[in-house]
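Structural overview
Here's the letter readout for the chains.
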Amino acid sequence: MKPEITPASKVGDPAKYDLRLYVAGQTPRSLQAFANLKRICEEHLAGRYRIEVIDLLQNPQLAKGDQILAIPTLVRTLPEPVRKIIGDLSNTDRVLIGLDVRERS
């Protein structure tokens, strides 16, 4: 899986979301997490997000910085505070709540 970056509207925009998706190779679960994340971002954050995919098989040392213990894991670095969501991101409501895009009901 190649890292893919989707441009955000502009640097410094408070509504911009910087997201890192940690995976381990191109497993079905990793590919599903990436597909789910892209779909959710396009539907709910169009033009306001950037995705960085980090393959821990190629760069295992990068897991330490964000304290990654399970994969796939999504880390929202902006807007602060940092948030983490573990899993294939198939539950759209859970992901939106975890990213603070939607409030809990």
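Residues numbered from 1 in each chain as written. Predicted model: local features only at pLDDT ≥ 70, side-chain atom pairs only at ≥ 80, totals over all residues. Heavy atoms only, no water.

1. Describing the side chain of Asn36
Counted only if it meets this: Per the convention used, a helix needs a DSSP run of H or I reaching at least four residues, while a strand needs a run of E reaching at least two, with both numbered from the N terminus. Exposure is judged per residue with a 1.4 Å probe applied to protein chains only, and the accessible area is read against the type maximum: over 50% gives exposed, under 20% gives buried, and values in between give partly exposed. Here a polar contact means two N or O atoms within 3.5 Å. Within protein one must be a hydrogen donor candidate and the other an acceptor candidate, and residues neighboring in sequence count only if both atoms are side-chain atoms. Contacts: residue pairs with any heavy atoms within 4.5 Å of one another.
By secondary structure assignment, the location of Asn36 is in helix 1 (residues 28-44). On the basis of relative accessible area, Asn36 is assigned to the buried category, the value being 7%. Here the side chain of Asn36 touches Asp88 through a polar contact of 2.8 Å, landing on its backbone oxygen. Apart from residues lying up to four places away in sequence, Asn36 is in contact with Asp88, Leu89 and Ser90.

2. Details of the nonpolar core
What counts here: For the purposes of this section, nonpolar cores are sets of buried Ala, Val, Leu, Ile, Met, Phe, Trp, Tyr and Cys residues that join through side-chain atoms within 4.5 Å.
Within the largest apolar cluster, 19 residues are counted, with the highest numbers of intra-cluster contacts made by Leu19, Leu21, Leu37, Cys41, Ile51, Leu74 and Leu89. Here this core takes 5 residues from helix 1, the largest share from any one element. Non-local contacts of Leu19, meaning those with residues more than four positions away in its chain, are made with Leu37, Cys41, Arg50, Ile51, Glu52, Leu74, Val75, Arg76 and Leu99.

3. Things to note about helix 1
Here is the rule: Take the residue count of a helix, subtract one, and multiply by 1.5 Å to get its expected span.
Its 17 residues give helix 1 an end-to-end C-alpha distance of 24 Å, which sits within 8% of 24 Å, the value for a rise of 1.5 Å per residue. Structurally, helix 1 contributes buried residues whose contacts are with strand 1 (17-23), strand 2 (49-55), strand 3 (73-78) and helix 2 (92-98).

4. Digging into the pairing of strand 1
To keep it simple, the criterion reads: When DSSP finds two or more bridges between a pair of strands, those strands are recorded as paired. The handedness rule is simple: strands pointing away from the viewer, and a clockwise path from the first strand over the helix to the second, make the crossover right-handed.
Of all 7 residues making up strand 1, 6 are buried, and the element is well covered by its neighbours. With 7 bridges joining them, strand 1 and strand 2 adopt parallel strand pairing. In the sheet register, Val23 faces strand 2, and the bridge partner there is Asp55. Remark: the strand 1/helix 1/strand 2 crossover connection has right-handed handedness. Across 5 bridges, strand 1 lies against strand 3 in antiparallel orientation. Among the inter-strand pairings, Tyr22 is bridged to a residue of strand 3, identified as Thr73.

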